[in-house]
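An overview of the molecular structure
Each chain, written out:
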Amino acid sequence: MNTLTLPTFDDVAAAAVRINGYAHKTPVITSRTVNEEFGAEVFFKCENLQRMGAFKFRGAFNALSKFDTQQRKAGVVAFSSGNHAQAIALSAKLLGIPATIIMPHDAPEMKVTATKGYGGNVVIYDRYTEDREQIGRDLAQKHGMTLIPPFDHPDVIAGQGTAAKELIEEVGALDAFFVPLGGGGLLAGSALSTRSLSAGCKLYGVEPEAGNDGQQSFRSGSIIHIETPKTIADGAQTQHLGNYTFPIIRRDVDDVLTVTDAQLVECMGFAASRMKLLIEPTGCLGFAAARQMKSHLHGKRVGVLVSGGNVDIARFCSLLAA
Ligand SMILES: *Cc1c(COP(=O)(O)O)cnc(C)c1O
């Protein structure tokens, strides 16, 4: 395990070149209301406005761009019910690579439709009786396809790090930076950029309170596995950090914080009504944690990574109405 070669900021910089012209350079938004509430300068990096609606396009496109001729011909396989599936399907389409996405039988219709719409070949499996990783490995072996995991891959981590790189290059050094945490691809990539471009910045990963495996792992020093947590933050329902993401997070992150589902809903409502931003529950993790800590942020320059905006509008409304 200690033979793993971890990605570095050079890999993030190389990823930025590969995705240039394909990924959006997403806007950084500020709000007078938020700045007044915090007594600080807060910069929101809006990956909810990224292609396919989340930062995951960056990592997927970077990983697929590195395929050799043989890999391009045989295609990519991924398993996901969420944003990674759409990111792989869209990246594969743009690069002319066949994509097979393994999704659970009860995946939201909207996500299945979106993935098919990007040209992905969707294989449905039964969440309760079949093992998606086995299906993925079988497909990879039989057809020579390359499996790209949602977070624990050096090229995925490097791609995800480009969002933080853009943010810091645009607004300058930060004092504190809040980043959503699931399996840790986004946080690890953000850490590489932050340590190179804004070394003194306090960097925080943020998880749903119900699924604080990352916090336990960070604080104990080894990867803790948990049951799939019950939370509205479906992009952070991961059970453990990865073999690549954990050592980077442990080395470069200052702490891992948690927020409740109720705090996420409050931020979703605030962002929609005051900032005109549609953010999915997971996308609000960073904002919610920054808000909890605002009394410690007076006079500081604060970055908030808004990771995604893919939420069914009816679900958005019912979450806010509850
Ligand atoms: C995947 C995802 C996350 C978590 O990213 P990791 O790299 O797994 O930590 C956060 N927010 C959104 C919107 C996501 O899709």
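Description of the structure in this document.

**Digging into the site of the ligand**
- Taken together, 15 residues lie near the ligand, and Lys 56, Asn 83, Gly 182, Gly 184 and Ser 307 sit nearest.
- Here Asn 83 contributes a side-chain N or O atom positioned 2.8 Å from an oxygen atom of the ligand.
- Backbone polar atom of Leu 186 to an oxygen atom of the ligand: 2.9 Å apart, as the coordinates give it.
- Of the residues belonging to the shell around the ligand, the class tally is four nonpolar, nine polar and two charged.

**A short note on the sheet that holds strand β5 (residues 121-125)**
- Taking strand neighbours across the sheet as the criterion, the four strands line up as β5-β4-β3-β6 in an open arrangement whose pairing is parallel. In this open sheet, the two strands that pair with only one neighbour each are β5 and β6 (146-147).
- Direction of pairing for strand β4 (residues 99-104) relative to β5: parallel, over a ladder of five bridges. Paired with Ile 102 across the strands is Val 123, a residue of β5.
- Each of β3 (76-79) and β4 touches helix α5 (residues 83-95); the most contacted strand, β4, lies at about 165 degrees to it.

**Comments concerning the packing of helix α12 (residues 261-275) against helix α13 (residues 285-292)**
- With their axes 9 Å apart at the nearest point, α12 and α13 run at an angle of 105 degrees to one another. Considered as vectors, α12 and α13 are oriented roughly perpendicular to each other. Judged by residue contacts, Gln 263, Leu 264, Glu 266, Cys 267 and Phe 270 of α12 engage Leu 285, Phe 287, Ala 288, Arg 291 and Gln 292 from α13.
- Its residues assigned to classes, the contact of α12 with α13 comprises six nonpolar, two polar and two charged.

**Examining the side chain of Asn 83**
- With respect to the helices and strands, the residue Asn 83 is situated in helix α5.
- What makes Asn 83 buried here is its relative accessible area of 10%.
- In terms of polar contacts, Asn 83 uses its side chain to reach the side chain of Asn 310, at 2.8 Å.
- Ignoring any residue separated from it by four or fewer positions in sequence, one finds Asn 83 in contact with Met 52, Ala 54, Lys 56, Glu 280 and Asn 310.

**Observations concerning the sheet that holds strand β1 (residues 28-29)**
- If you walk across this open sheet you meet the six strands as β1-β2-β10-β7-β8-β9, and the pairing is mixed. Looking at the sheet topology across the chains shown, the edges are occupied by β1 and β9 (255-259).
- Bridge count between β1 and strand β2 (residues 41-46): two bridges; the pairing is antiparallel. What sits directly across from Val 28, in β2, is Lys 45.

Reading guide: rules and limits
- Residues numbered from 1 in each chain as written.
- Predicted model: local features only at pLDDT ≥ 70, side-chain atom pairs only at ≥ 80, totals over all residues.
- Heavy atoms only, no water.
- Near = heavy atom within 4 Å.
- Polar contact = N/O pair within 3.5 Å; in protein donor to acceptor, adjacent residues only side chain to side chain.
- Nonpolar A, V, L, I, M, F, W, Y, C, P; charged D, E, K, R; others polar.
- Pairing = 2+ DSSP bridges.
- Helix = DSSP H or I, 4+ residues; strand = E, 2+ residues; numbered from the N terminus.
- Contact = heavy atoms within 4.5 Å.
- Axes fitted to C-alpha atoms, helices over the stretch in contact; angles between N-to-C directions.
- Parallel < 35°, antiparallel > 145°, perpendicular 65-115°, else oblique.
- Buried < 20%, exposed > 50% of the residue type's maximum accessible area, 1.4 Å probe, protein only.

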